[in-house]
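If you want the building blocks of each chain, they are given just below.
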Amino acid sequence: MDIQRVNPCANWSDATVFNNMAHFVEIAADVDGDMQSQTAQIFEQAEATLASVGSDKSRLLSVTIYVTDFANVAVFNQAWQAWLPEGCAPSRACLKVELADPAYLVEIAFVAAVK
């Protein structure tokens, strides 16, 4: 089975698909916003990425959520629960980290099944 790389560049691909599984990472395009704004952007971008590889948010298998401040997790969780279809929560890890740009509040690595 071939590896499909979506929009590859020197440092990353927008998504990588292998064995009917898509792997991708999202950060907010506009980092001037608060946690709610950055999370909403990431979810919107994730839906577009999922659609581009033939998947959707109901097919998420696992996510790793990187936050810079655990004080923002409650805001994130509220948005997360509203965004996910009922009964479709993937396995998940949430880590406190220092991200590449201090303006980033959250970054999410996704793994999803492809239809």
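Being a predicted model, the structure only gives us computed values, none of them experimental.

What counts, and where the lines are drawn
Residues numbered from 1 in each chain as written. Predicted model: local features only at pLDDT ≥ 70, side-chain atom pairs only at ≥ 80, totals over all residues. Heavy atoms only, no water. Helix = DSSP H or I, 4+ residues; strand = E, 2+ residues; numbered from the N terminus. Rg over C-alpha atoms; globule rule 2.2 N^0.38 Å. Buried < 20%, exposed > 50% of the residue type's maximum accessible area, 1.4 Å probe, protein only. Areas by Shrake-Rupley, 256 points an atom, 1.4 Å probe, with all protein chains shown as cover. Pairing = 2+ DSSP bridges. Axes fitted to C-alpha atoms, helices over the stretch in contact; angles between N-to-C directions. Contact = heavy atoms within 4.5 Å. Phe/Tyr/Trp six-rings, centres within 6.5 Å; stacked < 30°, edge-to-face > 60°. Salt bridge = Lys/Arg side-chain N within 4 Å of Asp/Glu carboxyl O.

## A few points about the overall build of the chain
- Secondary structure summary: the chain contains two helices and six strands in total.
- The linear arrangement of helices and strands in the chain, starting from the amino end, is β-β-β-α-β-α-β-β.
- Relative to the globule expectation of 13 Å for 115 residues, the C-alpha radius of gyration of the chain, 14 Å, shows essentially globular dimensions.
- When the backbone C-alpha atoms are referred to their principal axes, the chain occupies close to 45 × 35 × 20 Å.
- For the chain, the proportion of its 115 residues judged to be buried stands at 37%.
- By element, 50% of the accessible surface of the chain is carried by carbon and sulfur atoms, the whole surface being about 6,600 Å².

## A few points about the sheet that holds strand 5 (residues 91-96)
- Spatial strand order, 1-2-3-6-4-5: six strands in an open sheet with mixed pairing. Two strands lie at the open edges of the sheet, namely strand 1 (4-6) and strand 5, each paired on one side alone. With strand direction ignored, the average angle separating the axes of adjacent strands in the sheet is 10°.
- Pairing between strand 1 and strand 2 (residues 15-18): three bridges, direction antiparallel. Counted as the bridge partner of Gln4 is Val17 from strand 2.
- Those strands touched by helix 1 (residues 35-52) are strand 2, strand 3 (21-27), strand 4 (60-67) and strand 6 (106-113), and its axis lies near 25° from that of strand 6.

## Section: the packing of aromatic side chains
- Applying the stated criterion across every chain yields a total of six aromatic pairs.
- Where Phe43 meets Trp80, the ring centres are 5.9 Å apart and the plane angle is 45°; that geometry is what we call tilted. Taken together, the residues span a long stretch of sequence, with Phe43 in helix 1 and Trp80 in helix 2 (residues 73-83) at a distance of 37 residues. Like Trp80, Phe43 is buried.
- Their ring planes at 20° and their centres at 5.8 Å tell us that Phe76 and Trp80 sit as a pair that is stacked. Here Trp80 and Phe76 lie together in helix 2, a separation of four residues that amounts to about one turn. The burial state of Phe76 is the same as that of Trp80; both residues are buried.
- Members of the aromatic cluster, connected to one another through ring pairs, are Phe43, Phe76, Trp80 and Trp83.

## Thoughts on the pattern of salt bridges
- Inspection of every chain in the model, using the stated rule, returns two salt bridges.
- Between Glu47 and Lys57 there is a salt bridge, with the nearest N and O atoms lying 3.5 Å from each other. In this pair, Glu47 is assigned in helix 1 and Lys57 in the loop between helix 1 and strand 4, connecting sequence segments ten residues apart.
- With relative accessibility at 37%, the residue Glu47 sits in the partly exposed group.

## Regarding the environment of Leu50
- With respect to the helices, strands and loops of the structure, Leu50 is situated in helix 1.
- Leave out the neighbours within four places in its chain, and Leu50 touches Phe24, Ser55, Asp56, Lys57, Leu60 and Ala112.

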